[in-house]
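Spelled out from the first residue to the last, the chains are:
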Amino acid sequence: MDQDADGVRVGLLATQALLLSGDDVRIEVDVAPGAWLDVVESTGTVAYEGEAPSSWAVDATVGDGAVLTWAGKPFVVSDEIATHRRTRIRLHGTGKVLMQEKVVLGRAGQLGGDLSMSLEASDDTGPVQVEHLNLGQQARQMPGIFGNLRSMDTVTALGWTPEPTGEPEAGTTGPGETYFPLDRSGAVLRWMGIGRFRDQLCDATFAAWREEAMRGYRHRHAARHLGHAEEETGLGEVDRGPAADAVAAAAGRPRAGTCCAP
């Protein structure tokens, strides 16, 4: 959908109906060190009813200094189906990941079948976030699980700890949003409700966090190019002319030896 010398925006488009009963969809993503990748889902996904379970799995590896952003569309679980949604992420160095997952239990007039979800994220040190959710019909009726709620929207940031763009609060469509800063580098914003994503915070937060992740990536990337240019051309901390101007401007800072008005 879009690209530059360092990354690409890729759209996911199904060429046939999925997830049908028995489907096992696996997506592998590998973002090279220093690159960026933005994954865009063009439509939602329906896990259709059937006797055989279905599954949707994503395995992502993000290199040092790389950024992966992925805004998911609704994942709808029909009646009379058992489906599993798994996400596994491996971060290296200063890599960052931002993902949004939207889940709807049941199509129009349905309660929804059995859903299980898992997220396992790790970096070079060890686990960053490990979560397993059992949203089967029986389990979600237990106290403190899901009750009569039907929708869940989750925005997960890994590799840095951003703040939500607004104040999470309970509303008339459910308990509202909850913000979870992780013990290590990361944060989760989650909304649960009775309707189809009437929350006012998750989409805006994903957009803001994506801008924040990419802004940090661009600054770091420009600074790295500046360092390489100085090494290759012999430019240091003194005025070296127009070449120094161009490289310093790419890094978003004045070249050495100049003075700028506030």
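Everything quoted here is computed from the prediction, not taken from an experiment. (Residues numbered from 1 in each chain as written. Predicted model: local features only at pLDDT ≥ 70, side-chain atom pairs only at ≥ 80, totals over all residues. Heavy atoms only, no water.)

Caption draft 1: How the structure looks around the overall build of the protein chain. Helix and strand counts for the protein chain come out as two helices and 14 strands. When burial is assessed residue by residue, the protein chain has 46% of its 262 residues classed as buried. A fraction of 74% describes how many contacts in the protein chain between residues 6 or more apart in sequence connect residues 24 or more apart. Of the accessible surface of the protein chain, which amounts to about 13,500 Å², a share of 53% is contributed by carbon and sulfur atoms. (Helix = DSSP H or I, 4+ residues; strand = E, 2+ residues; numbered from the N terminus. Buried < 20%, exposed > 50% of the residue type's maximum accessible area, 1.4 Å probe, protein only. Contact = heavy atoms within 4.5 Å. Areas by Shrake-Rupley, 256 points an atom, 1.4 Å probe, with all protein chains shown as cover.)

Caption draft 2: Geometry of unusual backbone geometry. A cis geometry characterises the amide bond from Leu-18 onward to Leu-19, with omega recorded as 0 degrees. One can find Leu-19 in the loop between strand E2 (7–12) and strand E3 (24–31). Notably, Glu-80 is not glycine yet its phi reads approximately 60 degrees, a positive angle. Within the fold, Glu-80 resides in the loop between strand E7 (67–77) and strand E8 (82–91).

Caption draft 3: Summary view of the pattern of salt bridges. As enumerated under the stated definition, the model contains 12 salt bridges in all. When the shortest N-O distance is used, the salt bridge between Lys-102 and Asp-203 registers 2.9 Å. With Lys-102 in strand E9 (residues 96–105) and Asp-203 in helix H1 (residues 202–233), this pair connects stretches of sequence that are 101 residues apart. A relative accessible area of 9% places Lys-102 in the buried class. Through salt bridges that share partners, Asp-2, Arg-9, Asp-38 and Arg-210 make up one connected network. (Salt bridge = Lys/Arg side-chain N within 4 Å of Asp/Glu carboxyl O.)

Caption draft 4: Region of interest: the confidence of the model for the protein chain. Mean pLDDT over the protein chain stands at 85; residues scoring 70 or higher make up 84%. At the level of individual helices and strands, the protein chain shows its lowest average pLDDT in helix H2 (residues 242–250), which scores 42, and its highest in E8, which scores 98. Below a pLDDT of 50 lies the segment residues 237–262, which in the model reaches 25 contacts outside its immediate sequence neighbourhood of four places, other chains included. (pLDDT = per-residue confidence, 0-100.)

Caption draft 5: Region of interest: the nonpolar core. Among the nonpolar cores identified, the biggest contains 37 residues, and Val-29, Val-31, Leu-68, Ile-89, Val-97, Leu-115 and Leu-158 are the most heavily contacted of them. Ignoring any residue separated from it by four or fewer positions in sequence, one finds Ile-89 in contact with Ala-60, Val-97, Met-99, Leu-119, Glu-120, Ala-121, Ser-122 and Leu-158. In terms of nonpolar packing, the next biggest core, distinct from the first, is built from 17 residues, Trp-36, Ala-157, Trp-191 and Met-214 among them. (Core = buried A, V, L, I, M, F, W, Y, C linked by side-chain atoms within 4.5 Å.)

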